[in-house]
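Geometric and topological summary
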Amino acid sequence: MARNNRERRGKGPREDHFYRRFLRIAVITLLVVIGTFLGVVGGVLVFWYRSLPDVSLLKRYEPSLTTHIYDCKGVVIANLFEENRIWVPLDKVPKNLIYAVLASEDSEFYYHEGINVRGILRALWSNLKSGKIVEGGSTITQQLAKNLFLTPSKTLERKIKEMMLAFKIENSYSKDEILELYLNEIYLGHGAYGVQAAAKTYFGKNVWELSTAECALLAALIKAPEIYSPYRNLDRALSRMRYVIRRMELLGYISKEEAEKALSENLIFSGTKEIRDWKAPYFVSFVLKKLLEDYGAKQVYRGGLRVYTTLDLDLQAYAEEAISKAPAEAALVALDPKTGFIKAMVGGKDFKRSQFNRAVQARRQPGSSFKAIVYTAAFENGFTESTLVEDSPIEFPNGWKPVNYDGKFHGWVTLREAFEFSYNVVAVKVAQEIKPRTIIDYAKKMGIESSLPNDLSIALGSASVTPLEMAVAYACIANGGYRVKPIAILEVRDKDGKLLEKNSPTFERAIKEETAYLMVDMMRHVVTRGTGVRARLNRPCGGKTGTTDNFIDAWFVGFTPDLVAAVYIGNDDCTPLGKNEATGGRIAAPIWKDFMEKALKNVPPSDFPIPENITFVKVCAQSGKLPTFSCPTVIEQAFIRGTEPMESCDIHGGGRSPQDNTFLYPQDKVPPQSIKPKNEGNQKGKNEEMDEIEKKFQELLKKYKIKS
């Protein structure tokens, strides 16, 4: 009974005292922890606040430093610096430009004190809903603070300092003063700082002469000037401009009629973009894009960087001269296959007329030049130069019937002949045998990064790739099987000489050394007797032509042990280059040769190193087998040891050449020498044809009293 009474009364006095004491200690401990944390945070914030720069510096600018870009020999190829800044007072800036900037960047600018809490929460909510950063919460004052006093690093410390600086600026300057500073400081692309320089750059007029649509376009550039530049991507720029105009209408800055008028306006751009007399403009624009991504516009245009590149200005001059002879727009990119260093880059015939860099931005079908990758994959999967494939009609269930350029079929041919003369049907049958997925895998290993079609059309170069990608893939063949990373920038140093970036060659084994040499051997003969004879040099070299349907694109990609170059020719609107004559072999190969002869004139000729496991065998050019006395053409081919032909030519008959005994191997090493074509019939007719040939041949032997 006593026990039941205690249970009803609850805990005893000692237990109650213990729990009260524990609760007091826990509360005191929690308060101490919270206080300590707040004290530390407060101390850090006070320290950061006291270390902030003096915002009175906004009243004056120190001269910016020029960034110099050098070639591999230390020659200056470009200077990057600010556009001549013409300061405009706020009362000369048209009201619609102010409205456009407020609408796109900070619509509550005149109502907050440097930090827009509602804007930050709204941006945070939008980002959480989308799962990515789609909206920023920075005010115009915060942007000004970041651009002038802080680095572009995305850290919590930088963000907090940005807010503190914004608060200090708001307490030191009026809203109009802040806006005037902002409009004259912001970077708007192509070297233009401030709205007046931007108005001159994009429209060739003063800022106070801009229309509503032109004002909206300048405001659209603020978010990402290199992305939304109308000179880089007009559709993207206009889409962003339309967004700004709709925002202006939504906020009541302009009427619906004014918005519709602005949306229907036909913008005319002046074309006076920043060129600055660069010595290698397409290469400099390629490097500049990387610099802006890594260091930001402020550091690049005002930080006095020293950028050392891989470009050889002499080779660049030869490339520009060669491309000037192209019958249409063209591109050439050359790199060292041993390092991946880009030695020359030409993205078009006239940079002043078009800044579109076709060497790295134009994704076009490479045509038969892609067959080098197809046959590389074939060699990695058991094929040899002597493998026989029947070049005969084939039709697929979808109605596709691949044909050869000459409109003919050539019967049973070796892979070497098919490659030399670029037979399309054979390439398709090889792709059918090894599967398109295999070709894609090897293309990726060798350096092709663009998306590739997973179907048999890949054998004929139906993918869209850039000249730089093709050069990297061919470098993998030229250097013995290693994928190299294309490098344009060697070092970047700051104004004090401190090293900021250093890039060294990187190598990754992509294909076997023996496979690479087999492709070298194949491509040698493309330029000695195949479709690329117009590219032949007086030194060891190899390459492959490429021509797309209707003569829209023409390619030649080739190499020596010291240099790889890809040449592309085509009209930007994808109209045909011409009829019959506009092939890669006829118009791209001579340009490649012109460049390579001059680029290598002071380089002693060298040959490709031969792997230990490679042997050379004389074979019948037609059958790919050991030659007989009757074989009309005997050639020497490279084989991986153990894959050499063991049978004598069965096309020409006759006795085996005495030299053939040198190349005899055990019968268990005899490789398969042919593949059976798929989806084809009429084999009976083929056998009858071969019997007739053999009959006539035996009659000739009897006539001239030759023993078989």
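None of these values were measured; they are calculated from a predicted model.

Here we come to the overall build of the chain. A tally of helices and strands in the chain yields 22 helices and 16 strands. Within the chain, the fraction of its 708 residues that count as buried is 51%. Long-range contacts, defined here as pairs at least 24 residues apart, represent 70% of the contacts in the chain between residues at least 6 apart. Total accessible area on the chain stands at roughly 34,300 Å², and carbon and sulfur atoms take up 53% of it.

The next point concerns the nonpolar core. Tyr-375 and Val-430 are the most contacted members of the largest nonpolar core, which has 102 residues in total. For this core, the element with the highest residue contribution is helix α13 (residues 281–302), accounting for 12 residues. Contacts of Tyr-375, omitting those with residues within four sequence positions, involve Leu-415, Ala-418, Phe-419, Val-426, Ala-427, Val-430, Met-519 and Met-522.

Bringing the sheet that holds strand β2 (residues 76–80) into the picture now. Read from one edge to the other, the open sheet built from 5 strands follows the order β2-β1-β3-β9-β10, with strand pairing classed as mixed. Both edges of this open sheet fall to β2 and β10 (499–502), since each of them pairs with a single strand only. Each strand axis lies, on average, 15° off the axis of its neighbour in the sheet, ignoring direction. Each of β1 (67–70), β2, β3 (306–309), β9 (489–493) and β10 is contacted by α13, which is oriented at about 35° to β2, the strand it contacts most.

To continue, consider the packing of helix α3 (residues 95–105) against helix α9 (residues 212–221). Two elements in contact, α3 and α9, have axes separated by 8 Å at closest approach and are oriented at 40°. The angle between α3 and α9 places the two elements in the oblique class. The crossing of α3 and α9 is right-handed. Contact residues: Asn-96, Leu-97, Ala-100, Val-101, Ser-104 and Glu-105 in α3; Thr-212, Cys-215, Ala-216, Leu-218 and Ala-219 in α9.

For helix α11 (residues 234–250), spanning 17 residues, the distance from its first C-alpha to its last is 24 Å, which sits close to the expected 24 Å at 1.5 Å a residue. Among all positions in α11, only Ala-237, Arg-240, Met-241, Val-244, Ile-245 and Met-248 are buried. Along α11, the residues classed as buried sweep out an arc of 145° about the axis, all on the same side. Opposite the buried face of α11, by more than 90 degrees, sit the exposed residues Asp-235 and Leu-250. Where α11 terminates, the next one or two residues include Gly-252, which has phi positive at roughly 85°.

All right, on to the packing of α9 against α11 then. In contact at an axis separation of 8 Å, α9 and α11 are set at 110° when each is read in the N-to-C sense. Regarding the angle of α9 to α11, the classification is roughly perpendicular. For α9 against α11, the interelement crossing comes out right-handed. On α11, the residues that touch Thr-212, Ala-213, Ala-216, Leu-217, Ala-219 and Ala-220 of α9 are Leu-238, Arg-240, Met-241, Val-244, Ile-245 and Met-248.

Aromatic ring pairs are described here by two measures, namely the spacing of the ring centres and the angle between the planes. By the definition in use, this model includes 21 aromatic pairs. Here Phe-109 and Tyr-110 contribute two aromatic rings whose centre-to-centre distance is 5.0 Å and whose plane-to-plane angle is 80°, an arrangement assigned as edge-to-face. Using a relative accessible area of 0% as the deciding quantity, one classes Phe-109 as buried. Judged by its relative accessible area of 38%, Tyr-110 is partly exposed. Taking 5.3 Å as the distance between ring centres and 75° as the angle between the ring planes, the aromatic pair formed by Tyr-375 and Phe-419 counts as edge-to-face. Note that Tyr-375 is positioned in helix α15 (residues 371–380) and Phe-419 in helix α16 (residues 415–420), a separation of 44 residues in sequence.

Cut-offs and rules
Residues numbered from 1 in each chain as written. Predicted model: local features only at pLDDT ≥ 70, side-chain atom pairs only at ≥ 80, totals over all residues. Heavy atoms only, no water. Helix = DSSP H or I, 4+ residues; strand = E, 2+ residues; numbered from the N terminus. Buried < 20%, exposed > 50% of the residue type's maximum accessible area, 1.4 Å probe, protein only. Contact = heavy atoms within 4.5 Å. Areas by Shrake-Rupley, 256 points an atom, 1.4 Å probe, with all protein chains shown as cover. Core = buried A, V, L, I, M, F, W, Y, C linked by side-chain atoms within 4.5 Å. Pairing = 2+ DSSP bridges. Axes fitted to C-alpha atoms, helices over the stretch in contact; angles between N-to-C directions. Parallel < 35°, antiparallel > 145°, perpendicular 65-115°, else oblique. Left-handed = near helix turned anticlockwise from the far one by under 90°. Expected span 1.5 Å × (residues − 1). Arc of directions from axis to C-beta. Phe/Tyr/Trp six-rings, centres within 6.5 Å; stacked < 30°, edge-to-face > 60°.

Keep in mind these values describe shape, not function.
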